[in-house]
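Chain residues, written in single-letter form:
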Amino acid sequence: MFGSLKEKLKNWIKKSSEKNTLEKTPKKEIIKKEKSKKTPKKSSKKIKKEEKKIKEEILEDEIIENTQTIEEKSKEKKSFFGVFKRFLTEEKFEELFKGLELILLQNNVAYEAVQAVRDELSNNLIGKNIKEIDLAEELKKGIGSILINPPNFIDEIKGSLEVKSPFVILVCGINGSGKTTTIAKLANYLQKNSLSVCLAAADTFRAASIEQIEVHATNLKIPLIKKDYGSDPASVGFEGITYAKKNSIDVVLIDTAGRMQNSASLMREIEKIVKVTKPDMKIYLGESITGNDAIEQAKTFNDSINLTGIILSKADVDEKGGTAISVALVTKKPILFLGTGQNYEDLEIFDKDKLIEKLGL
Ligand SMILES: Nc1nc2c(ncn2[C@@H]2O[C@H](COP(=O)(O)OP(=O)(O)O)[C@@H](O)[C@H]2O)c(=O)[nH]1
Ligand SMILES: [Mg+2]
């Protein structure tokens, strides 16, 4: 549904910018522009240029308006109307935002998130002096305030271990998002930071899921707590914790079966796992490539179990980074890591400045 909405929006943006050009351009130039208007993707440079042009137009209008005011209305002493032209109107804001909106959509930011960013910006900027506004900078600031840099993962765990042990991490999300692979990456990362780990194979549903996590446990030389397929996942998690307590293991990583956010019974099941295992960290594992669906998925999981943070896998497949903005917006939770490949080392601490840089605003 959002795919076609995005297309419509793109067409609308294209049409309306053509319309604006046609209104102000002499015929010869129109022919030239008709020939060159086929570029489908605007570069950020081009968009910046357009932004500059619109601003210049506003200022030009202002000069003309002021001249007219002086010449025609000098006796009426109403020249102060010209002053209002300096300020960003709603109409001009919409015009300026168009290019940036396109960049956000092209970067896989969900439509709903783009609208939220637009509302925030328009609230802050309409009525401000046009000369003082750099919209791209304002947008970067806006996105910067949505994204939260994660707390230091290892310090958090080590701090908590001084009070209670083991530290329990639950990983959840939809099918195939990368939960099991990321659990192995996290286990490797924790071990490299001198923390002992065990895994609880609480995906007792999907065929071969236990064998899959077993391979990782063997490779990383860490204990795996497992039961038969069809067992209660909450009890597998609980056994993992009991094992860790007995064997003085610092961290228990609980793998869970993939579940769609719209399955009420599976969402109740994850709530039960949380009740039984009382995780210190509840991580939603999403895919960087999710796009518009990311909003509803992350929101439902967050509403259901109050997430601690998010990991986005497959950032190597989609480097755009818009999903991070969408999920951070709806959950107000930090992105902890990005998965950047299929090897154990392919886990990158999330850095919001790096992501903003990538957007190319
Ligand atoms: N390229 C890439 N592939 C990944 C990443 N994380 C997981 N995968 C792959 O995604 C597929 C599903 O991963 P899996 O861990 O089984 O997902 P789960 O069903 O959520 O447990 C596997 O083929 C993984 O190798 C990542 O960060 N980058
Ligand atoms: Mg799995």
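The rules behind these values
- Residues numbered from 1 in each chain as written.
- Chains lettered and ligands numbered in written order.
- Predicted model: local features only at pLDDT ≥ 70, side-chain atom pairs only at ≥ 80, totals over all residues.
- Heavy atoms only, no water.
- Near = heavy atom within 4 Å.
- Polar contact = N/O pair within 3.5 Å; in protein donor to acceptor, adjacent residues only side chain to side chain.
- Areas by Shrake-Rupley, 256 points an atom, 1.4 Å probe, with all protein chains shown as cover.
- Helix = DSSP H or I, 4+ residues; strand = E, 2+ residues; numbered from the N terminus.
- Salt bridge = Lys/Arg side-chain N within 4 Å of Asp/Glu carboxyl O.
- Buried < 20%, exposed > 50% of the residue type's maximum accessible area, 1.4 Å probe, protein only.
- Pairing = 2+ DSSP bridges.
- Contact = heavy atoms within 4.5 Å.
- Axes fitted to C-alpha atoms, helices over the stretch in contact; angles between N-to-C directions.

A.B. asks: Would you explain the site of ligand 1 in this entry?
C.D. replies: Of all residues adjacent to ligand 1, which total 17 residues, the nearest are Lys179, Thr180, Thr181, Asp316 and Gln342. With respect to ligand 1, the backbone of Gly178 contributes an N or O atom lying 2.8 Å from an oxygen atom. The contact in question runs from an oxygen atom of ligand 1 to an N or O atom on the side chain of Gln212, over 3.0 Å. In isolation ligand 1 has 580 Å² of accessible area, and contact with the protein removes 81% of it. Element by element, the count of residues in the shell around ligand 1 is highest for helix α9 (residues 179-192), at four residues.

A.B. asks: How should the pattern of salt bridges be read in this particular structure?
C.D. replies: Applying the stated criterion to the full structure yields 14 salt bridges. For Lys140, the salt bridge goes to Glu137, with nearest N and O atoms at 3.4 Å. In this pair, Lys140 and Glu137 are both assigned in helix α7 (residues 135-146), three residues apart and thus about one turn of the helix distant. Relative accessible area serves as the criterion here: at 25%, Lys140 is assigned to the partly exposed category. Between Lys354 and Glu348 there is a salt bridge, with its nearest N and O atoms 3.1 Å apart. Here the salt bridges share partners, and the residues they tie into one network are Glu94, Glu101 and Arg118.

A.B. asks: I keep staring at the sheet that holds strand β1 (residues 167-172) and nothing clicks. Help me out?
C.D. replies: Strand pairing in a sheet relies on backbone hydrogen bonds, with the paired strands running either antiparallel or parallel. With mixed pairing, the eight strands of this open sheet are ordered in space as β3-β2-β4-β1-β5-β6-β7-β8. At either end of the open sheet lies a strand with only one pairing partner, and these are β3 (224-225) and β8 (347-349). As paired elements, strand β7 (residues 335-339) and β8 share three bridges and run antiparallel to each other. By the bridge assignment, Phe337 is partnered in β8 with Ile349. Lying on the sheet, helix α8 (residues 153-161) is in contact with β1, β4 (251-256), β5 (281-287) and β7; it crosses β1 at an angle near 135°. Against the sheet, α9 contacts β1, β2 (197-202), β4, β5, β6 (309-313), β7 and β8, and its axis sits at roughly 170° relative to β4.

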